[in-house]
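# A look at the structure
This is what each chain is made of:
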Amino acid sequence: MPTTGSPGRNTALMFLRFSAAALLLALLLLLVQAPPTWSALAVLAALLGLLPSLRRPQHSDRERQLLEAIEAMPAGFDLWDADDRLLMCNRRVREDYPQVAEHLVEGGRFEDVVRQSLRAGYVTEARGREEAWLAERLAGRGQQSGPRLQQFGERWLHLYEQRTASGLLVCIRLDVTELVKTQQALAEAQAAAHSERQLLERAIDAMPAGIEIYDEQDRLLLANRRVIGWMPHLDYEAMRGQSFAHMLALSRAAGALPLEALGDEDAWIAARLAGRGRSEQAQLQQLASGIWLRVTETRTPEGYLVAVRQDVSDLLLKERELQASQAQLQAIIMTAGVAIVTIDAQGHMLSCNPAVERLFGYRAEEMLGQNISLLMDEPDRGSHDHYLRRREGAEGARELTLVGRTREFNALHKSGRALTVQVSVSEVKGPQGKLYVGVITDLTERKQFEIDLQHANEQLLRLSTTDALTELANRRLLMQKLEEEWRRGLRLGTPLSLLLIDVDHFKLYNDHYGHQAGDACLIRVAEALRTSAGRPTDVVARYGGEEFVLLLAQTDAAGALAVAERCRQEIARAAIEHEVSPLGPELTISIGVISAVPLRGGSASQWLAQADLALYQAKAQGRNRAVAAPMFSPV
C-alpha cells in the first residue's frame, strides 16, 4: 500500500478530487436545467476519473463510496467489459428498463439483454426489422461520438457510450422524454400557426398554370412556382409589395422583356400598363428564353388582379430544345475523361487522376489520405466503412459483390452538388496488402437527359390528346375513352351516359363579335362544362367546332339529366353576352342525352349517333334545353 505522500496516493487523490469536481458540476448543471448532453458528459468524466480506484482492491472504502455515488446518480449507468458482458449497473437502469431488469446480472451479455427487449416489443424503432436493427446496434456499439436517441416504450432516452483505454464500455442513460415531447409540441404548434397560409400557397403553387395576384394598386401579392421559374431575372420574394410597373422596369434592365417589345420598349410598356386588366382576351408573349405564354388578366370585384400564364409552346420548339440537349450530352460523353481512384483496405485514397479533380471539385492534395466516403452522399457514405469491414472478413468474398461489378452511387461535389456516378471496382493485391481501383463515370447528365426525354414524351402525349384552344380532351381521346367505357359497360353490365352539347347560334356570335371573341367564348364554355363534371372519371371533350361531349361512366339516365341541367346552369351563371341570339341576351346551349347499358351487337358509334339525334330534337324543340334519346337498341 502506498505511504502518505507517495506518488500512488497523490495520483489517487488527484483522480478522486477530479471526480468529485465533475460530479458537483453535473449536479449543478442538472439543477439549472442545462442541456442533457452537458450533464451526461460531466457524469461520464467523473466516472472515468474514478475507474483507476476500481483496480485497487485495497481501497475498499473508496470503492464503496464510488458504488454509492453511482447508485445515487439521477442518470442510468452501466459498465461492460471488453466482451460486452455486464460488470455493473445502477438502480436507475433497472428502473428505466423494468421489463428486462431480471436479465441485468453481472456477466450477462449485452446482446441477450437487447434480444429480450426486442422480443417484448419495447424498442419502438426496431419493430418489424428486429434482426437488422440488432445487427446495426451491435456494430455501432461504442462507435458514436455523440448521444444516441432511443425510444423505449413510452419513454425517450439519450445514450452516451464511451470505451476506455482498457476496452471497458461506459454507458450513461438520460431520460429526455419531457424534452422530446416539448420539442414535438413546439413543432406541432409552429406547423399549425402557418397551416392556413401554407394551404392557400400550396394550392396555388400546385396549379398547372402560372399564377400572379396583385392588389388594387397593382402591387404584387403572390406568385406561384411556375411564374418564378419562367422569370428567373426577378427575385419574387423581394418583389412582394412592388408595383407591376417596377417589375417591368427591372425586366427591361435585365433584357428580359418579351421578344415582341424589342426595338420599341417604351411604347410596348406604355401600352401594356394602359391595358392592364382591362380586357379578358388572352395575350400571347414569347419570352427571351423562347417559351410562349398565353396571358389572361382578370380583375376581381375587390379590384384585385389575377394573372394566369399558360405555357403554349408548340411541340416543335420542345423537340428542338431536346435535340440540342441530346447533342450537348453526346459532346460531353465523347470528350469527358474517366475518373480513376485507388484506395487501401481501410478506404483511404492513395492516388487519383485529374478527371477525379474535375468531377468532384477537390484538388488532389485535398483528397489523398482522406477516406473515399468524402466523395459519397448518403446513404452510401454511412454504409461504406461497414462494407469494408465485412469485405475483409472471412465471409466477405462470398457475401459482397461490389468488386468486379458495376454499380451506381450517390456522390457529392465539393460545392455540395449531388452527382450520380457509376463505379466499377477491381481488387489488386500488392506487397503492402490489398488495394482497390475504382473507375468512376459521371452519369449526372445522362440522368438529367432521361428526365428531359420523359418530360418531352409526356408533353407529346398531352398535345396529341388535348384540344389546343380549350385544353379539354380532343376528339381522338374522346373516341378512345368512349370505346373503353363501352367495353367496360358491356363486360360489367353497368350503365353509360353521354351528353352531346352544342352552343346555340354560335355562328351568329362569331359573325357579330369576331373569331377571337368566339375562341374566348369557347374557352369559357369549356370551363363551365369542366366545372359541371363532378367526378375525376368524367371525360369532358371538345367534339368539334362549338360541339362538346361529356362522357359519364356508370351513370344512369336520371344522373345524366341532372348533369345536363347542371351544365345549363353553369352556362347561365357564366352570363356570356350574346346580344344577337334569338333566345335572349346571353349565351345558351342545347344538349342531347343518351343513357343505356351497352349491349352486344351495338357499337359506340351507333350509340353516339343516337345522342346526335337527341341533340337535333333539342334544337327542334326550341334550343336551350336537354332532351334524352329513347332507349338504345343495337341496329
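It should be noted that the structure appears before, not after, this text.
Residues numbered from 1 in each chain as written. Predicted model: local features only at pLDDT ≥ 70, side-chain atom pairs only at ≥ 80, totals over all residues. Heavy atoms only, no water.

Moving on to the overall build of the chain. Broken down by element type, the chain carries 22 helices and 20 strands. Sequence separation of 24 or more characterises 52% of the internal contacts of the chain that already satisfy a separation of 6 or more. Per element, the accessible surface of the chain, about 34,500 Å² overall, is 54% carbon and sulfur. (Helix = DSSP H or I, 4+ residues; strand = E, 2+ residues; numbered from the N terminus. Contact = heavy atoms within 4.5 Å. Areas by Shrake-Rupley, 256 points an atom, 1.4 Å probe, with all protein chains shown as cover.)

The phi angle at D84 is positive, at roughly 65 degrees, despite the residue not being glycine. For E471, which is not a glycine, the phi torsion comes out positive at approximately 60 degrees.

Bringing a nonpolar patch on the surface into the picture now. Among the surface-exposed residues, L284, W292 and V312 lie close enough to one another that they form a single nonpolar patch of about 240 Å² accessible area. For W292, the position within the fold is in strand β9 (residues 292-299). (Patch = residues over 30% accessible without salt bridge, like charges linked within 9 Å, V, L, I, M, F, W, Y side chains within 5 Å. Salt bridge = Lys/Arg side-chain N within 4 Å of Asp/Glu carboxyl O.)

Counting residues in hydrophobic clusters, the biggest one holds 28 residues, and the most contacted among them are L499, I501, V525, F548, L550 and C567. Elements with a contribution of two residues or more to this core: β16 (496-503), α19 (506-513), α20 (515-532), β18 (547-553), α21 (557-574) and β19 (589-596). Contact partners of V525, with chain neighbours within four places excluded, come to V503, F548, I571, I576 and L587. Ranked by size, the runner-up nonpolar core spans 23 residues in total, among them L477, Y543, W607 and A614. (Core = buried A, V, L, I, M, F, W, Y, C linked by side-chain atoms within 4.5 Å. Buried < 20%, exposed > 50% of the residue type's maximum accessible area, 1.4 Å probe, protein only.)

With that out of the way, let us pick up the side chain of E161. Residue placement: E161 occurs in strand β4 (residues 155-163). Of the polar contacts made by the side chain of E161, one reaches the side chain of R137; its length is 2.7 Å. E161 has contacts with R137, G140, R141, G142, Q144, L169, V170 and C171, leaving out every residue within four places of it along the chain. (Polar contact = N/O pair within 3.5 Å; in protein donor to acceptor, adjacent residues only side chain to side chain.)

Quick look at the sheet that holds strand β2 (residues 86-89) now. Strand pairing in a sheet takes place through backbone hydrogen bonds and is either antiparallel or parallel in direction. Taken in spatial order, the five strands make up an open sheet running β2-β1-β5-β4-β3, and their pairing is antiparallel. Lying at the two open borders of the sheet, with one neighbouring strand each, are β2 and β3 (148-152). Here the strands of the sheet are splayed against their neighbours by 25 degrees on average, with no regard to which way each runs. Relative to β4, β3 runs antiparallel, the two sharing five bridges. Residue pairing across strands places F152 opposite R155, the latter belonging to β4. Across the face of the sheet, helix α7 (residues 177-205) comes into contact with β3, β4 and β5 (169-175) while running at roughly 120 degrees to β4. (Pairing = 2+ DSSP bridges. Axes fitted to C-alpha atoms, helices over the stretch in contact; angles between N-to-C directions.)

This next bit is on α20. Residues that lie three or four places apart on an α-helix share one face, since the helix turns once every 3.6 residues. Between its terminal C-alpha atoms α20 stretches 26 Å, which fits the 26 Å expected from 18 residues at 1.5 Å a residue. Burial in α20 covers these residues: G518, C521, L522, V525, A526, A528, L529 and S532. All buried residues of α20 project into a common sector of 165 degrees when viewed along the axis, lining one side. Residues of α20 that are exposed and angled more than 90 degrees away from the buried face: Q516 and T531. Residues of α20 that are buried sit in contact with β16, α19, β17 (539-544), β18 and α21. (Expected span 1.5 Å × (residues − 1). Arc of directions from axis to C-beta.)

With that out of the way, let us pick up the sheet that holds strand β6 (residues 210-214). With antiparallel pairing, five strands are arranged side by side in an open sheet as β7-β6-β10-β9-β8. Single-partner strands in this sheet number two, and they are β7 (220-223) and β8 (283-286). For this sheet the average axis-to-axis angle between neighbouring strands, irrespective of direction, equals 25 degrees. Here β6 runs beside β7; their pairing, made up of three bridges, is antiparallel. By the bridge assignment, E212 is partnered in β7 with A223.

For the largest pocket, the calculated volume is near 1,100 Å³. Contributing elements (two or more residues each) for the lining of the largest pocket: β9, β10 (305-311), α19, α20 and α21. Examining the composition of the lining of the largest pocket, we find that ten residues originate from one element, α20, more than from any other. The class makeup of the residues in the lining of the largest pocket is 15 nonpolar, six polar and ten charged. (1 Å grid on protein atoms, 1.4 Å probe; cavity = no way out; pocket = protein on both sides within 12 Å on 5 of 7 lines; lining within 4 Å. Points joined across faces, edges and corners; volume = space filled by probe spheres on them. Nonpolar A, V, L, I, M, F, W, Y, C, P; charged D, E, K, R; others polar.)

For the pair helix α5 (residues 110-120) and helix α6 (residues 130-139), interaxial distance at closest approach is 11 Å and the crossing angle is 150 degrees. With respect to each other, α5 and α6 are oriented roughly antiparallel. The crossing of α5 and α6 is right-handed. Contact residues: F110, E111, V114, R115 and L118 in α5; E130, E131, W133, L134, R137 and L138 in α6. (Parallel < 35°, antiparallel > 145°, perpendicular 65-115°, else oblique. Left-handed = near helix turned anticlockwise from the far one by under 90°.)

A full pass over the atoms with the stated rule returns five aromatic pairs. An angle of 35 degrees between the planes, with centres 4.4 Å apart, marks the rings of Y509 and Y513 as tilted. Of this pair, Y509 and Y513 are both found in helix α19, four residues apart, which corresponds to roughly one turn of the helix. One aromatic cluster is present, built from ring pairs that chain together F506, Y509 and Y513. The ring of Y214 has R276 lying over it, and the distance from NZ or CZ to the ring centre is 4.4 Å. Residue placement shows R475 over the ring face of Y543; its charged tip is 4.0 Å from the ring centre. (Phe/Tyr/Trp six-rings, centres within 6.5 Å; stacked < 30°, edge-to-face > 60°. Lys NZ or Arg CZ within 6 Å of the ring centre and 35° of its normal.)

Checked against the element boundaries, Q144 lands in the loop between α6 and β3. Assessed through its relative accessible area of 39%, Q144 is described here as partly exposed. Between the alpha carbons of Q144 and Y160 there is a distance of 8.3 Å; along the sequence they are 16 residues apart.

Moving on: helix α22 (residues 604-620). Look at α22: 25 Å from first C-alpha to last across 17 residues, which is about the 24 Å you get at 1.5 Å a residue. Taken residue by residue, α22 has A604, W607, L608, Q610, A611, A614, L615 and A618 as its buried positions. For α22, the arc enclosing every buried residue in end-on projection is 155 degrees, short of the 170-degree limit, so these residues lie on one face. When the buried face of α22 is taken as reference, the exposed residues oriented beyond 90 degrees from it are L613, Y616 and A620. Positive phi shows up at G622, right after α22, with a value of about 115 degrees.

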